[in-house]
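In case you want the letters, here they are:
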Amino acid sequence: MANYITEASCRNRLPDDFDNLYELPGAQDDLTQEIEGVEGVGDSYVGKRYEVPVTDTRALLFIVPLVLDLFAERAFGRGAGSEIPKKISDSADTARKVLEKIASGAMTLAGAT
C-alpha cells in the first residue's frame, strides 16, 4: 500500500527511464516492493519523531520529493550493468541527510504530529 508515492509519481520522476527499468515480466511486483521499501525508509526516519504515515498536506509536500529521490536511486540500481547517474545519487544522498535531520530534531516537519 503506497502512502506517499505511486506508479504515476514514479513515472513523472523518471520520465525518460521508467519504462526501460520496469518493462520486464514481474516488474510490476518489483515496482510495488520498491515503492513500499523506499516509503519504509522514509518512515523509519520520520517515525522517530512523528506519527507515520505522515498525512498532513504540508508535510507531504516536503516528504514526497524526498521519497521519490530515494526511489529514483533504487530504480537505477536495478538496471543491469548500469551505473546510477551522479545527479540521482546526489539527490538521494541529500534526501537521506534531510531525513536524518528530521529524525534528530534538527529540522521539523511542519504540520506533522
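Residues numbered from 1 in each chain as written. Predicted model: local features only at pLDDT ≥ 70, side-chain atom pairs only at ≥ 80, totals over all residues. Heavy atoms only, no water.

Novice: Sorry if this is basic, but what is going on with the nonpolar core here?
Specialist: Across soluble globular proteins, nonpolar side chains show a tendency to be buried alongside one another. In terms of nonpolar packing, the biggest core is built from 35 residues, with Ile5, Leu14, Phe71 and Leu109 touching the most fellow members. Those elements giving two or more residues to this core turn out to be α2 (18-21), α3 (27-46), α4 (57-77) and α5 (86-104). Per-element tally for this core: the top contributor is α4, with 11 residues. The contacts of Leu14, once residues within four sequence positions are left out, are Leu21, Phe71, Ala72, Ala75, Phe76 and Ile88. (Core = buried A, V, L, I, M, F, W, Y, C linked by side-chain atoms within 4.5 Å. Buried < 20%, exposed > 50% of the residue type's maximum accessible area, 1.4 Å probe, protein only. Helix = DSSP H or I, 4+ residues; strand = E, 2+ residues; numbered from the N terminus. Contact = heavy atoms within 4.5 Å.)

Novice: Even after reading the chapter, I still don't get the pattern of salt bridges, so can you show me in this structure?
Specialist: Side chains that differ in charge, positive against negative, can pair when their charged atoms come close. This structure, assessed with the given rule, holds 9 salt bridges. In this structure, the salt-bridge partner of Glu7 is Arg11, at a minimum N-O distance of 3.2 Å. In this pair, Glu7 and Arg11 both sit in helix α1 (residues 7-13), 4 residues apart, roughly one turn of the helix. Under the relative-accessibility criterion, Arg11 is labelled partly exposed at 33%. For Asp56, the salt bridge is made with Arg58, and the minimal N-O distance between the two is 3.9 Å. Judged by its relative accessible area of 22%, Asp56 falls in the partly exposed class. Taking the relative accessible area as the measure of exposure, Arg58 reaches 54% and is therefore exposed. Each of Glu7, Arg11 and Asp19 takes part in a single network of salt bridges with overlapping partners. (Salt bridge = Lys/Arg side-chain N within 4 Å of Asp/Glu carboxyl O.)

Novice: Any chance you could explain α4 here in plain terms?
Specialist: Quick reminder: α-helices carry 3.6 residues per turn. Residues three or four places apart thus point the same way. With 21 residues, α4 extends 30 Å between its outermost C-alpha atoms, agreeing within 8% with the 30 Å of an ideal straight helix rising 1.5 Å per residue. Remark: the principal bend of α4, roughly 25 degrees, maps to Ile63, with a proline, Pro65, within the next four residues. The N-capping residue of α4, defined by a side-chain oxygen 3.0 Å from the backbone nitrogen of Arg58, is Asp56. (Expected span 1.5 Å × (residues − 1). Bend = angle between axes of the 7 residues up to and from the residue. Polar contact = N/O pair within 3.5 Å; in protein donor to acceptor, adjacent residues only side chain to side chain.)

Novice: Would you explain the packing of aromatic side chains in this entry?
Specialist: A ring pair, where both rings are aromatic, is described by two values, the distance of the centres and the angle of the planes. All chains considered together, the criterion is met by 2 aromatic pairs. With a centroid separation of 6.0 Å and an interplanar angle of 15 degrees, the aromatic rings of Tyr22 and Phe71 are classed as stacked. In this pair, Tyr22 is assigned in the loop between α2 and α3 and Phe71 in helix α4, connecting sequence segments 49 residues apart. Judged by relative accessible area, which is 0%, Phe71 ranks as buried. Counting every residue linked through ring pairs, the aromatic cluster contains Phe18, Tyr22 and Phe71. (Phe/Tyr/Trp six-rings, centres within 6.5 Å; stacked < 30°, edge-to-face > 60°.)

Novice: Would you mind going over unusual backbone geometry with me for this structure?
Specialist: It is generally the case that most residues other than glycine have a negative phi and that most peptide bonds are trans. Note the cis peptide between Val52 and Pro53, where omega equals 0 degrees. Relative to the helices and strands, Pro53 resides in the loop between α3 and α4.

Novice: I would appreciate a short explanation of the confidence of the model for the protein chain in the present structure.
Specialist: Low-pLDDT stretches of the model should not have their predicted coordinates read in fine detail. Taken over all residues, the pLDDT of the protein chain has a mean of 91, while the share at 70 or more is 96%. Across the protein chain, the element-wise mean pLDDT spans from 87 in α2 up to 97 in α5. (pLDDT = per-residue confidence, 0-100.)

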